[in-house]
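# Fold and geometry: a report
This is what each chain is made of:
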There are 2 protein chains.
Amino acid sequence: MPGSEYQDVRKLNLFSRMADENFASLMRGAYVQNFPAQMELITEGDPSDFFHIVISGSVDLFSSWNGRETSMATVRPVSTFILAATIKDAPYLMSARTLEKSRIALIPSQDVRAVFDADGNFARAIVTELAQGYRSVIRAQKDLKLRTSLERLANYLLRQQKHAGGGAVFELDFEKRRLASVLGMTPENLSRAFKSLQPYGVAVNGTRITIGNQADLEHFAKPNPLIDDHSS
Amino acid sequence: MPGSEYQDVRKLNLFSRMADENFASLMRGAYVQNFPAQMELITEGDPSDFFHIVISGSVDLFSSWNGRETSMATVRPVSTFILAATIKDAPYLMSARTLEKSRIALIPSQDVRAVFDADGNFARAIVTELAQGYRSVIRAQKDLKLRTSLERLANYLLRQQKHAGGGAVFELDFEKRRLASVLGMTPENLSRAFKSLQPYGVAVNGTRITIGNQADLEHFAKPNPLIDDHSS
DNA sequence: CGCAGATTTGACTAGACTCAAACTGTGTGG
DNA sequence: CCACACAGTTTGAGTCTAGTCAAATCTGCG
């Protein structure tokens, strides 16, 4: 792994406070690979042999049941996925595939568990990471159970706008079909949902969104920090 | 706190391996109280001042938005809730109320964080607990996104049947209105869903369920360990 | 017995999905 | 450079699922 990537990974909250030698040991055992787009990295139900770090590109976490499939989350650089399965030494609950050409580090799960036992700072960082992840999923569940798909879309747009800097014009960071799946609806329904937001000043052109009337949209979306604030 | 309760709490996975003195210290600072039914213990958005342990009774975790409310989970003895908020020192994402007369221990969150920093075994237990909780919520999310309400009910019945010992006749452990909310539907819809399961051999009498044709119901429900297995 | 709350039923509406067809936009080969 | 192919998106029509509102029924309990 090149030094700049090594440093990027080292800077992650998960790794930043652990002992140098423990981090080095983890990285020594890591396999760093470039994957093409649409490559299935892990399959739900498989044993969690590796902890994954996305160095570049992006990864879709998804699940299937009875012929249906849904997108659970997207992982972007530089961050990690399936920590909980690694720690519990339990089967993956989600599958993962690359959305584009991606560079991924794979760390043997047993190495992670060994260092977890040995390095208190790493263990504490894991706790913070898991607590954060747990709260994120709770927020997602509230979003799903308390809002209609139109409300979820409106709030997603406001979150994405904020994430993109707050301007009236910004880009979606999802392909629409995947956005639909993440929001828990079909692509057709998403397309109609965008139209339904036109009266609130939302204009769509490809992946470019323009929010014409911020106050109107916010009045409809009623964003709430206990659902939409992805930092706390 | 009486000695028997003290021992019950001590036996929880979360506390069983920590140093005696640290456990004693946590318990010394705890407030143990009896609450009547329908008492709101915490409100979402409030700072997470206390970590909670349900010693007897039961507690409903729920969330609200824009005048709607949904039940997120039920906590039964002896177990704990809102660990993630306590650890992150962040606002509660859910509210909690007693479902019946309940005995609850409240441990100041800062005490939990202090012992977490001092006791490696406790920190590791917290990691396991959080990883478990995280995976539970992921399963719930898959249940919500991949299944219709009828399928969720069918699978809930199979889980509950297993939990109750596996016999053809068993009791719901929820009031129906709350079960509906947990499953993400209205009480009216739940009532109709039970009727729709009659062709699969499901009979309902109050909270008493009879599964007349196990194979039929399972064929319809298609239970999946990666969604329904609440132990892994 | 008679409430009060919970559940069920009925009628209707709204939200969301399915299937099929039309319409992009983009990249490729002729 | 254009025509085509392909994947993604949009539109249309119809259906199904789930929610709403109101009324009827049931149930536990004082």
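Residues numbered from 1 in each chain as written. Chains lettered and ligands numbered in written order. Predicted model: local features only at pLDDT ≥ 70, side-chain atom pairs only at ≥ 80, totals over all residues. Heavy atoms only, no water.

### Topic: the UniProt feature "domain: Cyclic nucleotide-binding" (unreviewed entry) in chain A
Per the UniProt record, "domain: Cyclic nucleotide-binding" (unreviewed entry) is annotated on residues 14-133 of chain A. Secondary structure across residues 14-133 of chain A comprises 32% helix and 37% strand; the distance between its end C-alpha atoms is 12 Å. (UniProt positions renumbered as here; feature names shortened; annotations may be inferred. Helix = DSSP H or I, 4+ residues; strand = E, 2+ residues; numbered from the N terminus.)

### As for the protein's contact with DNA strand C
Taken together, 15 residues lie near DNA strand C, and Ser 149 and Asn 189 of chain A together with Lys 176, Arg 192 and Lys 195 of chain B sit nearest. Counting only the atoms of DNA strand C within 4 Å of the protein, the fraction contributed by sugar and phosphate is 67%. At a separation of 2.4 Å, a phosphate oxygen of DNA strand C approaches a polar side-chain atom of Lys 195 of chain B. Those elements that provide at least two residues to the surface near DNA strand C are helix 8 (187-196) of chain A together with helix 7 (176-182) and helix 8 (187-196) of chain B. In terms of residues, the surface near DNA strand C owes the most to one element, helix 8 of chain B, which gives four residues. For the surface near DNA strand C, the class distribution of residues is one nonpolar, six polar and eight charged. (Near = heavy atom within 4 Å. Polar contact = N/O pair within 3.5 Å; in protein donor to acceptor, adjacent residues only side chain to side chain. Nonpolar A, V, L, I, M, F, W, Y, C, P; charged D, E, K, R; others polar.)

### What to know about the pattern of salt bridges
Opposite charge on two side chains lets them pair, provided their charged atoms get close. All names here are of chain A. Per the stated rule, a full pass over the model turns up 26 salt bridges over all chains. The salt bridge involving Glu 5 is made with Arg 103; its shortest N-O contact spans 2.6 Å. Taken together, the residues span a long stretch of sequence, with Glu 5 in helix 1 (residues 3-10) and Arg 103 in strand 8 (residues 102-108) at a distance of 98 residues. The same class applies to Glu 5 as to Arg 103, namely buried. For Glu 69, the salt bridge is made with Arg 97, and the minimal N-O distance between the two is 3.1 Å. Highlighted residues: Glu 69 in strand 5 (residues 68-75) and Arg 97 in strand 7 (residues 95-98), separated in sequence by 28 residues. Accessibility expressed as a relative area gives 46% for Glu 69, which makes it partly exposed. (Salt bridge = Lys/Arg side-chain N within 4 Å of Asp/Glu carboxyl O. Buried < 20%, exposed > 50% of the residue type's maximum accessible area, 1.4 Å probe, protein only.)

### Some words on the relation of the copies chain A and chain B
Superposing chain A onto chain B takes a rotation of 180° plus a shift of 0.0 Å along the axis, which leaves an RMSD of 0.0 Å. Overall, the copies show the geometry of a two-fold rotation axis. Comparing contact sets, 100% of the residues at the interface of chain A also lie at the interface in chain B, consistent with an isologous, same-surface contact. (Least-squares fit on C-alpha atoms with pLDDT ≥ 70 in both. Contact = heavy atoms within 4.5 Å.)

### Details of the nonpolar core
Ranked by internal contacts, the top residues of the largest apolar core, which has 95 residues, are Phe 15, Phe 81 and Phe 122 of chain A together with Phe 15, Phe 81 and Phe 122 of chain B. For this core, the element with the most residues is helix 5 (residues 120-146) of chain B, which contributes 10 residues. The contact partners of Phe 122 of chain A, leaving out residues within four places of it in the chain, are Leu 14, Phe 15, Met 18, Leu 26, Val 112, Val 115 and Phe 116 of chain A. (Core = buried A, V, L, I, M, F, W, Y, C linked by side-chain atoms within 4.5 Å.)

### As for the sheet that holds strand 2 (residues 40-42) of chain B
Residues and elements named next belong to chain B. In space, the four strands of this open sheet follow the order 2-7-4-5, with antiparallel pairing throughout. Edge positions in the sheet fall to strand 2 and strand 5 (68-75), since each has one partner strand and no second. Pairwise comparison of adjacent strand axes, ignoring direction, gives a mean angle of 35° for this sheet. Of the pairings in the sheet, the one linking strand 4 (residues 59-65) to strand 5 comprises seven bridges and is antiparallel in character. Paired with Ser 64 across the two strands is Glu 69, which belongs to strand 5. (Pairing = 2+ DSSP bridges. Axes fitted to C-alpha atoms, helices over the stretch in contact; angles between N-to-C directions.)

### Some thoughts on the environment of His 219 of chain A
Residue and element names in this part refer to chain A. One can find His 219 in helix 9 (residues 214-221). Accessibility expressed as a relative area gives 61% for His 219, which makes it exposed. Sequence separation between His 219 and Ser 16 is 203 residues, and the spatial gap between their C-alpha atoms is 40 Å.

### Comments concerning the interface of chain A and chain B
The interface is formed by 55 residues belonging to chain A together with 55 residues belonging to chain B. A combined buried area of about 4,900 Å² lies between chain A and chain B, and 70% of that area is made up of carbon and sulfur atoms. Inspection of the region where chain A meets chain B yields four salt bridges. Across the salt bridge formed by Lys 142 of chain B and Glu 44 of chain A, the nearest N and O atoms sit 2.8 Å from each other. Per-element tally for the side of chain A that touches chain B: the top contributor is helix 5 (residues 120-146) of chain A, with 20 residues. Per-class residue counts for the side of chain A that touches chain B are 26 nonpolar, 16 polar and 13 charged. (Buried area = accessible area lost by both parts, 1.4 Å probe.)

### Section: the packing of aromatic side chains
Any aromatic ring pair is given by two values, namely how distant the centres are and how the planes are angled relative to each other. Taken as a whole and assessed by the stated rule, the structure comprises 12 aromatic pairs over all chains. Ring geometry for Tyr 156 of chain A against Phe 174 of chain A: centres 6.1 Å apart, planes inclined by 50°, an arrangement best described as tilted. Highlighted residues: Tyr 156 of chain A in helix 6 (residues 149-163) and Phe 174 of chain A in the loop between strand 9 (169-171) and helix 7 (176-182), separated in sequence by 18 residues. Ring-pair connections join several aromatic residues into one group, and the members of that group are Tyr 6, Phe 15, Phe 23 and Phe 122 of chain A. Sitting above the plane of the Trp 65 of chain B ring, Arg 147 of chain A keeps its charged end 4.5 Å from the centroid. Its end group placed over the ring of Phe 174 of chain B, Arg 76 of chain B keeps NZ or CZ at 5.4 Å from the ring centre. (Phe/Tyr/Trp six-rings, centres within 6.5 Å; stacked < 30°, edge-to-face > 60°. Lys NZ or Arg CZ within 6 Å of the ring centre and 35° of its normal.)

### A short note on the packing of helix 6 (residues 149-163) of chain B against helix 9 (residues 214-221) of chain B
Residue and element names in this part refer to chain B. Where helix 6 meets helix 9, the axes come as close as 9 Å, and the angle between the chain directions of the two elements is 130°. Judged on the interaxial angle alone, helix 9 and helix 6 are oblique. The way helix 6 lies across helix 9 gives a crossing that is left-handed. Between helix 6 and helix 9, the residues in contact are Leu 150, Glu 151, Ala 154, Asn 155, Leu 158 and Gln 161 and Gln 214, Leu 217, Glu 218, Phe 220 and Ala 221, respectively. Looking at the contact of helix 6 with helix 9 residue by residue, the classes come out as six nonpolar, three polar and two charged. (Parallel < 35°, antiparallel > 145°, perpendicular 65-115°, else oblique. Left-handed = near helix turned anticlockwise from the far one by under 90°.)

### Considerations on helix 8 of chain A
Residues and elements named next belong to chain A. Burial in helix 8 covers these residues: Leu 190, Ala 193 and Phe 194. For helix 8, the angular spread of the buried residues around the axis is 100°, confining them to a single face. Set apart from the buried face of helix 8 by more than 90 degrees, the exposed residues are Arg 192 and Lys 195. In this fold, the buried residues of helix 8 make contact with helix 6, helix 7, strand 10 (202-205) and strand 11 (208-211). (Arc of directions from axis to C-beta.)

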